[in-house]
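The lines below spell out each chain.
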Amino acid sequence: MPKALITGITGQDGSYLAEFLLGKGYEVFGLARRCSTPNYGRISHLLDKIEIVDGDLLDTGSLIRILSEVKPDEVYNLAAQSFVAVSFHEPVLTGEITGLGALRLLESIRIVNPKIKFYQASSSEMFGKVRETPQTEMTPFHPRSPYGVAKVYAHYSTMNYRESYGMFACGGILFNHESPRRGLEFVTRKISDGVARIHLSLKDKLVLGNMDAQRDWGFAGDYVKAMWMMLQQEKPQDYVVATGETHSIKEFAKEAFKTVGIDDWEKYVLQDERYMRPAEVDLLIGDCTKAKKELGWKPEVDFKNLVKMMVESDIQLLKK
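For the structure given in this document, a descriptive report is provided here. All figures in this text were calculated on a predicted structure; none of them were measured in a lab.

Regarding the packing of aromatic side chains
Then step 1. As enumerated under the stated definition, the model contains 13 aromatic pairs in all.
Then step 2. Their ring planes at 70° and their centres at 5.6 Å tell us that Phe20 and Trp228 sit as a pair that is edge-to-face. Here the residue Phe20 occupies a position in helix α1 (residues 12–23), and Trp228 occupies one in helix α7 (residues 220–230), the gap between them amounting to 208 residues. Grouping residues by exposure puts Phe20 and Trp228 together as buried.
Then step 3. Here a set of aromatic residues connected by ring pairs shows up, and it is made of Phe127, Phe141, Tyr156 and Phe175.
Then step 4. The side chain of Arg181 reaches across the aromatic face of Tyr16, ending 3.9 Å from its centre.
Then step 5. The ring of Tyr239 carries the charged tip of Lys290 above its face, separated from the ring centre by 4.8 Å.

Quick notes on the pattern of salt bridges
Then step 1. Following the criterion strictly, the structure yields 15 salt bridges and no others.
Then step 2. The salt bridge partner of Arg65 is Glu69, with a shortest N-O separation of 3.8 Å. Linking Arg65 with Glu69, this pair stays in helix α2 (residues 60–70), spanning 4 residues, or about one helical turn.
Then step 3. For Arg65, a relative accessible area of 36% translates into the label partly exposed.
Then step 4. Between Glu125 and Arg215 there is a salt bridge, with its nearest N and O atoms 3.9 Å apart. Placement of Glu125 in the loop between β5 (117–123) and α5 (146–165) and of Arg215 in strand β9 (residues 214–215) is noted, with a sequence separation of 90 residues between them.

Describing the pairing of β5
Then step 1. Burial analysis of β5 places 6 of its 7 residues in the buried class, which makes it a mostly covered element.
Then step 2. Where strand β4 (residues 74–77) lies against β5, 4 bridges are found, and the strand directions are parallel. Across the sheet, residue Val75 finds its bridge partner in β5, namely Phe118.
Then step 3. Judged from the 6 bridges that link them, β5 and strand β6 (residues 169–174) form a sheet pairing that is parallel.

Some details on helix α10 (residues 303–319)
Then step 1. For α10, with 17 residues, the first-to-last C-alpha span of 25 Å sits near the 24 Å given by 1.5 Å per residue.
Then step 2. Tucked inside the fold, the buried residues of α10 contact β7 (177–178), α6 (187–199), β10 (218–219), β12 (247–248) and α8 (249–259).

Structural notes on the sheet that holds strand β3 (residues 51–54)
Then step 1. Here we have 7 strands laid out as an open sheet, ordered β3-β2-β1-β4-β5-β6-β11, and parallel in their pairing. Both outer strands of the open sheet, β3 and β11 (239–241), are each paired with one neighbouring strand and no more. Sheet twist, expressed as the average angle between the axes of neighbouring strands with direction ignored, equals 25°.
Then step 2. In the sheet, β6 pairs with β11 via 3 bridges, with the strands oriented parallel. Paired with Gly172 across the bridge in β11 is Tyr239.
Then step 3. Together, β1 (3–7), β4, β5 and β6 form the strand contacts of helix α4 (residues 91–112), whose direction differs from that of β5 by roughly 170°.

Some points on unusual backbone geometry
Then step 1. Looking along the chain, the bond that leaves Thr133 and enters Pro134 is cis, with omega of -5°.
Then step 2. In the Ramachandran plot, Lys71 falls in the positive-phi region, its phi being about 55° despite a non-glycine side chain.
Then step 3. By relative accessible area, Lys71 is classed as exposed at 58%.
Then step 4. The residue Ser201 is not glycine, and still its phi comes out positive at about 60°.
Then step 5. Mapped onto the elements, Ser201 comes out in the loop between α6 and β8 (206–208).

Definitions and limits used
Here the residue numbers are simple positions, counted from 1 along each chain's written sequence. Reporting of local features is limited, given that this is a predicted model, to residues whose pLDDT is at least 70; pairs of side-chain atoms are given and counted only at 80 or more, and all residues count toward the totals for whole chains, interfaces and linings. Hydrogens and water molecules were not included; the side-chain quantities draw on all heavy atoms of the structure. Stacked, edge-to-face and tilted labels apply to pairs of Phe, Tyr and Trp rings (six-membered ring for Trp) whose centres lie within 6.5 Å, assigned for plane angles under 30 degrees, over 60, and everything in between, in that order. A run of H or I in DSSP becomes a helix once it reaches four residues, and a run of E becomes a strand once it reaches two; helices and strands are each numbered from the N terminus. Only protein chains enter the accessibility calculation, which uses a 1.4 Å probe; a residue is then buried when its area is under 20% of its type maximum, exposed when over 50%, and partly exposed in between. Geometrically, a lysine NZ or arginine CZ counts as sitting over a ring once it is within 6 Å of the ring centre and also within 35 degrees of the ring normal. Any Lys or Arg side-chain nitrogen located within 4 Å of an Asp or Glu carboxyl oxygen qualifies as a salt bridge. Whether two strands pair comes down to DSSP finding at least two bridges between them. Expected span of a helix, by definition, is 1.5 Å for each gap between consecutive residues, and there is one gap fewer than residues. In what follows, a contact means two residues having at least one pair of non-hydrogen atoms within 4.5 Å. Between N-to-C directions, angles cover 0 to 180 degrees, with each direction set by a line fitted to C-alpha atoms, over the stretch in contact for helices.

As structure tokens, this is what we get:
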């Protein structure tokens with residue numbers, strides 16, 4: 001039975017990946033920081049099937065200990081300070097966890113067993129102020145946030161360990177991927193939750209920042225399959241994972257309101273300068289030709305069904 005260690009298992013992607021790997025017959029271990037109130041909400045239904053190990057990406061010693069004890073075949077590094085807006089307020093912490101955290105994990109793998117396969121959760125935010133559209137594996141990076149900068153550092157570290165030590169290390173450059181398990185601080189979930197509340201007469205307004213920003217949005221459940229596929233290839237490479245479609249935040253909101261039968265949606269939405277980023281990323285759209293061709297991967301949930309899934313889930317959640 002193959003063993004996988006997932007950092008960030010309590011997050012959106014971690015929970016979907018754990019489910020997927022269990023379905024593939026893996027023994028799944030999740031690295032989680034010890035804290036006074038553990039946040040196991042997304043994986044509560046899996047706790048009897050997986051093993052949680054205490055560790056921290058800020059502590060190399062704990063990573064070496066865990067790798068020595070667990071002896072995983074594959075490591076998926078999904079842990080990060082992953083909220084772009086917070087990275088502007090906490091740039092050093094973001095660099096420590098999102099950037100150096102990946103390096104500490106790579107170095108720990110090199111020390112314990114360099115044959116362990118490694119997946120790094122890279123991000124479309126690395127492209128930032130885009131140099132070409134759509135973005136491919138060869139598009140130059142120009143990050144526009146401390147989060148994007150930290151992700152570039154982690155991505156190049158992954159590449160460096162692959163080239164310097166012959167390690168099987170892959171970077172998955174994932175474009176925005178959402179689900180009902182997305183955190184409420186992310187704009188897509190903020191919209192689906194807000195629309196659900198307006199629908200149930202729990203509030204009357206939805207407050208957003210820049211509504212013109214355009215993103216390539218897919219379903220997280222589809223994207224975790226691509227992560228696994230990358231580690232099953234003969235040789236390690238980096239791949240863009242995306243839908244190849246772009247939609248604005250305005251379109252996301254419109255579609256969400258449509259789900260609950262509200263057409264004059266604009267009267268429920270307010271814009272607030274406080275939610276604007278210091279440096280905005282205006283347009284991200286991925287070209288996943290390589291992933292389709294070499295991995296045989298393709299997205300299954302389209303934009304409209306993704307929005308519908310999120311709004312309907314939030315309505316059920318609020319009714320409970």
